[in-house]
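Analysis of the macromolecular model
If you want the building blocks of each chain, they are given just below.
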Protein chains: 2
Amino acid sequence: MQIVLIGSGNVAFHLAKAFTEAQIPISQIFGRNTTELQKISEQFSIPFSAKTLAEADLYIISVSDSSIAEVSALIKNENALVAHTSGSVSREALSGNYRKSVFYPLQTFSKSKNLDYSKIPFFIDAENENDEEILKNLASKISKNVMLANDEKRKYIHLTAVFACNFVNHLYARAKEISDSQGIPFDYFLPLIDETTQKIHELEPKLAQTGPAIRNDEKVLKLHESLLTDEEKLKIYKTLNESIKKMYH
Amino acid sequence: MQIVLIGSGNVAFHLAKAFTEAQIPISQIFGRNTTELQKISEQFSIPFSAKTLAEADLYIISVSDSSIAEVSALIKNENALVAHTSGSVSREALSGNYRKSVFYPLQTFSKSKNLDYSKIPFFIDAENENDEEILKNLASKISKNVMLANDEKRKYIHLTAVFACNFVNHLYARAKEISDSQGIPFDYFLPLIDETTQKIHELEPKLAQTGPAIRNDEKVLKLHESLLTDEEKLKIYKTLNESIKKMYH
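Position labels on residues start from 1 in each chain and follow its written sequence. The naming scheme follows written order: chains are lettered A onward, ligands numbered 1 onward. Reporting in this predicted model follows two pLDDT cut-offs: at least 70 for local features of residues, and 80 or more for side-chain atom pairs to be given and counted; totals over whole chains, interfaces and linings ignore these cut-offs and use all residues. For the side-chain quantities, the full set of heavy atoms in the structure was used; hydrogens and water were omitted.

**Observations concerning the overall build of chain A**
Applicable threshold: A run of DSSP states H or I qualifies as a helix once it reaches four residues; a run of E qualifies as a strand once it reaches two. Both are numbered from the N-terminal end. Between the two quantities, the radius of gyration covers C-alpha atoms and the globule rule is 2.2 Å times the number of residues to the power 0.38. Exposure is judged per residue with a 1.4 Å probe applied to protein chains only, and the accessible area is read against the type maximum: over 50% gives exposed, under 20% gives buried, and values in between give partly exposed. The contact criterion used is simple: two residues touch if any of their non-hydrogen atoms lie within 4.5 Å. Per-residue and other accessible areas follow the Shrake-Rupley method at a 1.4 Å probe size, with only the shown protein chains counted as cover for residues.
Assigned secondary structure in chain A consists of 9 helices and 8 strands. Against the 2.2 N^0.38 benchmark of 18 Å for 249 residues, chain A shows a C-alpha radius of gyration of 22 Å, more extended than a compact globule. C-alpha atoms of chain A, sized along the principal axes, occupy 70 × 35 × 30 Å. Split into buried and exposed, the 249 residues of chain A put 56% on the buried side. Excluding contacts between residues fewer than 6 apart, the proportion of contacts in chain A whose partners are at least 24 apart in sequence is 52%. Surface exposure of chain A reaches about 10,700 Å², of which carbon and sulfur atoms provide 47%.

This is the structure in structure tokens:
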């Protein structure tokens, strides 16, 4: 099976790396950014082009969500299977006359950061069972966690990730505002933050809950509210405590 | 300096372990729960008693917040320095005629979980500089992060920890409700969760923010709101997105 990878960003880089490590050959890496393409090409010995898209059985498109339609329209091969790698874009966003699919790795990628690919879940979507099998087999060579997920299911995966990652990061940012205001280095909280995250590897998060809200410690809750002078943090404080109370009481 | 440790819970256990590893002798471990005392006593070769509190220069009280007043009243030695280890209780909660202080390790402790003590921040509070020095020296033998923090400052440390840990854990619990509803194993999100937490070791959380709210993706935000059928999660979703928008726009 001839595979062409389209894109030169964080996801494309890590897919090139993961495929290479799994000894799956990539015939070409295609994109606009010649500098980035050349780097990936050299690092993983994959031919690249910014001009002529090679013929392939499978095209994997790892570009920004908003470019998927435009980039996918470049593929004129009606016998090809085409996959994008986005969590929040429909399979039908692919624009062209070919078999459409999704090959979505659930992770946040940076080029400089090494990752254990075997742990990254891949969510697959395709038009028919045969294409599902092709993509499942491919993903299984990289990762131990491969699962089917149609557009509908992927919406919920994305929503879960917003709660567990985007919102969590925002709480870190708001927490840092509080510690900064008192001249306490935020780094001091990292061991506690790490431990909180490690804990849920062993314990269901619902059972790992601690803090003033779950023990209905009204005295501490009122004290904290009096310390929060800005509206946004106070709103977060009240909303999350109310939600904790509703979950347990 | 003769040190007596009071309590046999998670914090007391880890202090006994940390002191032993740092070759700081503890003269006695004192408490009510003979079974737990005996275990700690055997593991770290520390004499224990549930009846007679030994004479000491320093008493460290690691019991539940609500028991600090009662337990500390047992100490009749007016020449002693007495410290509790709680983040959310005032130094003045210690009830007795002796020098009062706080020796607060910022971490969540479980007996079964090994910890790198050198990274755990210790926050010290005492009545005078001499006592501050005694406790700072002691903590420095265990940890690289030792800092003074009076009652006022400790309130903010606790508040920061509520945002960065208690609330984060609750978001994990709410996220799991969403993935459970779709039959997606929550374990699939752990690599992404780990990476989100690891990222802030290298990048300020404010700069690490991603997701639909920071890129003002109203289409995705509206879609997610339509997926959230229960009131609590919808309220969290709106409150946190609003706060993200306010922080960046």
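Here the narrative resumes, following the displayed structure.
**Some words on the environment of Ser27 of chain A**
Residues and elements named next belong to chain A. Quick reminder of the rule: We define a polar contact as two N or O atoms separated by no more than 3.5 Å, with the added condition that, inside protein, one atom must be a possible hydrogen donor and the other a possible acceptor, whereas residues neighbouring each other in sequence contribute only through side-chain atom pairs.
Here Ser27 is to be found in the loop between helix H1 (10-21) and strand E2 (28-30). For Ser27, a relative accessible area of 24% corresponds to the partly exposed category. The spatial distance from the C-alpha of Ser27 to the C-alpha of Met1 is 9.4 Å, given a sequence separation of 26 residues. Engagement of the side chain of Ser27 in a polar contact is seen with the side chain of Gln2, the distance being 2.8 Å.

**Considering the relation of the copies chain A and chain B**
Taken together, a rotation about one axis and a shift along it account for how the two chain copies relate. To keep it simple, the criterion reads: Superposition of the copies was done by least squares, using only C-alpha atoms of residues whose pLDDT is at least 70 in both.
With an RMSD of 0.0 Å, chain A superimposes on chain B once it is rotated by 180 degrees and translated 0.0 Å along the axis. The superposition of one copy onto the other is thereby described by a two-fold rotation axis. Measuring from the rotation axis to each C-alpha of chain A, the shortest distance belongs to Val168 of chain A, at 2.8 Å. Of the interface residues in chain A, 100% have counterparts in chain B that sit at the interface too, so the contact is made through matching surfaces.

**Regarding the domain arrangement of chain A**
Residues and elements named next belong to chain A. The test is simple: Boundary definitions for the domains trace back to an automatic or database domain assignment. Here's the idea: put two parts together, see how much 1.4 Å probe accessible area each one loses, and the total over both is what we call buried area. Only one rule defines a salt bridge in this text: a Lys or Arg side-chain nitrogen within 4 Å of an Asp or Glu carboxyl oxygen.
Domain annotation for chain A reports domain 1 (3-149) and domain 2 (154-248). With centres defined by C-alpha atoms, the gap from domain 1 to domain 2 works out at 36 Å. Every contact between the two is made by 13 residues of domain 1 and, on the other side, 4 residues of domain 2. A buried area of about 560 Å², summed over both sides, lies between domain 1 and domain 2, and 61% of it is on carbon and sulfur atoms. One can count 1 salt bridge joining domain 1 with domain 2.

**A few points about the sheet that holds strand E3 (residues 48-49) of chain A**
Residue and element names in this part refer to chain A. Our working rule: Being paired, for any two strands, means DSSP has found at least two bridges between them. Structural elements are reduced to axes, namely lines fitted to C-alpha atoms, with helices fitted over the stretch in contact, and the angle between N-to-C directions of any two is expressed from 0 to 180 degrees.
Taken together, 8 strands build an open sheet; the order of strands is E3-E2-E1-E4-E5-E6-E7-E8 and the sheet is mixed. Looking at which strands have only one partner, the edges of the open sheet turn out to be E3 and strand E8 (146-148). Summarising the sheet, strand E6 (residues 99-105) and strand E7 (residues 122-126) pair through 5 bridges and their orientation is antiparallel. Each bridged residue has a counterpart across the sheet, and for Val102 the counterpart in E7 is Asp125. Along the sheet face, H1 touches strand E1 (3-6), strand E4 (58-61), E6 and E7 and points at about 155 degrees away from the line of E1.

**Points about helix H8 (residues 218-227) of chain B**
Stated formally: It is the directions from the helix axis to the C-beta atoms that the arc portrays.
When H8 of chain B is considered as a whole, its buried residues turn out to be Val220, Leu221, His224 and Leu227 of chain B. With its buried residues spanning 120 degrees around the axis, H8 of chain B presents them on a single face. Residues Lys219, Lys222 and Ser226 of chain B are exposed on H8 of chain B and point more than 90 degrees away from its buried face. Among the structural elements, helix H5 (151-181) of chain A together with helix H9 (231-248) of chain B are those in contact with the buried residues of H8 of chain B.

**Brief notes about the pairing of strand E6 (residues 99-105) of chain B**
Residues and elements named next belong to chain B. Within E6, 6 of the 7 residues are buried, leaving the element largely enclosed by the surrounding structure. Relative to E6, strand E5 (residues 81-84) runs parallel, the two sharing 4 bridges. Looking across to E6, one finds that Ala83 is bridged to Ser101.

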